[in-house]
Amino acid sequence: MLMRFFAAAALLASAAACTAQVPPAQASIVEGQDYQLIEPPVPVSTPAGKIEVIEVFGYSCGHCANLQPIVDAWKPKLADDVQFSYMPAVFGGAWEVYARAYYAAETMGILDRSHVATFNKLHVERKPVASIEDVADLYVEYGVTREEFLAAMQSFAVNAKIASAQQTVQRYGVDGTPSMIVNGKYRVMSPREGGFQRMLEITDALVAKERAAVAAN
């Protein structure tokens, strides 16, 4: 089933849902312009007192690849009350294949080593990928075999994560990547001005807004 969707055309088409970058912006944040409200809000899975920030991404998305080093520089600056994580977009076709690869790597304990490397292999080294087996081959250097990785991609655990991500991304209202979700309430995409740096500034401002709301209650 997955092989049917995984043609080179699907890989190219997947990039079309990515969001473009553009030049610098102003300081304050405006609903409907800088971010969108998620209605109804999606419940978070963080412990009490933690603010959840999720990047919805896709490995085949060139803009997500460009954002990754910026996020890597930004994450260490997040306060202790912020819990950051990734969620692959499951839009079907190649998007689902790469989402399965992400969750397979997570369940096999190799995600810390493979996440950034997968972007590099696809967008810097431009490794040829035309089948699900080619995707599995990207992960063999992390101590797993192609067969083990393919099995993990189709496992019960990964199927459950795929179903959950598909439903959650839909509830977030995400139709392009990268998108930042703050506490299940706000959706931020790369703005018309300011590019990815502005996107993270808006995310930081929404985190501060959530923090202030908690302190006020």
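Position numbers for residues start from 1 in each chain and track the written sequence from start to end. Local features in this predicted model are restricted to residues of pLDDT 70 or higher, and side-chain atom pairs are both shown and tallied only at a pLDDT of 80 or more, whereas totals for entire chains, interfaces and linings draw on every residue. The side-chain values count all of the structure's non-hydrogen atoms but skip hydrogen atoms and water molecules.

S.K.: Give a detailed account of helix H4 (residues 94–107), specifying residues and quantitative values.
M.R.: Over its 14 residues, H4 extends 20 Å from the first C-alpha to the last, a length consistent with the 20 Å expected when each residue adds 1.5 Å. Classification of residues uses two cut-offs on accessible area relative to the type maximum, computed with a 1.4 Å probe and protein chains only: under 20% is buried, over 50% is exposed, and between them is partly exposed. Think of it this way: any DSSP run of H or I at least four residues long counts as a helix, any run of E at least two long counts as a strand, and we number them from the N terminus. Of the residues making up H4, those classed as buried are Ala94, Trp95, Glu96, Val97, Tyr98, Ala99, Arg100, Ala101, Tyr102, Tyr103, Ala104 and Ala105. The positive-phi residue at the C-terminal boundary of H4 is Gly109, with phi of around 75°. An expected span of 1.5 Å times one less than the residue number is assigned to each helix.

S.K.: Tell me about the packing of helix H3 (residues 62–74) against helix H5 (residues 111–123), residues and numbers included.
M.R.: Helix axes use the C-alpha atoms of the stretch in contact, all axes being lines fitted to C-alpha atoms, and the angles between their N-to-C directions lie in the range 0 to 180 degrees. Contact pair H3 / H5: the axes reach a minimum separation of 10 Å and the direction vectors enclose 140°. Comparing their axes, H5 and H3 come out oblique. Viewed along their axes, H3 and H5 form a crossing whose handedness is left-handed. Together, Gly62, Cys64, Ala65, Gln68 and Asp72 of H3 and His115, Val116, Phe119 and His123 of H5 make up the contact between the two elements. Gly falls in the polar group here, along with every residue not listed as nonpolar (Ala, Val, Leu, Ile, Met, Phe, Trp, Tyr, Cys, Pro) or charged (Asp, Glu, Lys, Arg). Residue composition of the contact of H3 with H5, by class: four nonpolar, four polar and one charged. Note on angle classes: values under 35 degrees are labelled roughly parallel, values over 145 roughly antiparallel, values of 65 to 115 roughly perpendicular, and the remainder oblique. Crossing handedness is read from the near helix: turned anticlockwise from the far helix by less than a right angle, it gives a left-handed crossing, and turned clockwise, a right-handed one. We call two residues in contact when some of their heavy atoms are within 4.5 Å.

S.K.: Break down the nonpolar core for me, with residues and values.
M.R.: Grouped together as the largest cluster of nonpolar side chains are 65 residues, with contacts concentrated most on Tyr59, Tyr139, Phe149, Met153, Tyr172 and Met180. With nine residues, the single largest contributor to this core is H4. Once residues within four sequence positions are removed from consideration, Met153 is found in contact with Val97, Arg100, Ala101, Ala104, Ile132, Val135, Val158 and Asn159. Think of a nonpolar core as a cluster: buried Ala, Val, Leu, Ile, Met, Phe, Trp, Tyr and Cys residues, connected wherever their side-chain atoms sit within 4.5 Å.

S.K.: Before we move on, could you go through unusual backbone geometry and cite the residues and values that matter?
M.R.: Glycine aside, residues mostly have negative phi angles, and peptide bonds mostly take the trans form. For the bond from Glu39 to Pro40, the omega torsion is -5°, close enough to zero to count as cis. Here Pro40 lies in the loop between strand S1 (36–37) and strand S2 (51–57). Here the residue pair Thr177 and Pro178 is connected by a cis peptide bond, since its omega of -5° sits within 30 degrees of zero. Mapped onto the secondary structure, Pro178 falls in the loop between helix H8 (156–172) and strand S4 (179–182). Even without being a glycine, Arg126 presents a positive backbone phi close to 50°.

S.K.: Can you lay out the confidence of the model for the protein chain for me, pointing to particular residues and giving the numbers?
M.R.: Looking at the protein chain, pLDDT values average 89 and 88% of them are 70 or higher. Note on residues 3–16: pLDDT under 50 across the span, and 23 contacts to partners over four residues away in sequence or across chains. Per-residue confidence from the predictor is given as pLDDT, running between 0 and 100. Note on residues 19–26: pLDDT under 50 across the span, and 28 contacts to partners over four residues away in sequence or across chains.

S.K.: So what about the packing of H4 against H8? Which residues, and what values?
M.R.: Two numbers describe how H4 lies on H8: the axes approach to 9 Å, and their chain directions differ by 125°. Taken as axis vectors, H4 and H8 run oblique relative to one another. Read as a crossing pair, H4 and H8 show a hand that is right-handed. Touching Glu96, Ala99, Arg100, Tyr103, Ala104, Glu106 and Thr107 of H4 are Ala157, Val158, Asn159, Lys161, Ile162 and Ala165, all from H8. By residue class, the composition of the contact of H4 with H8 is seven nonpolar, two polar and four charged.

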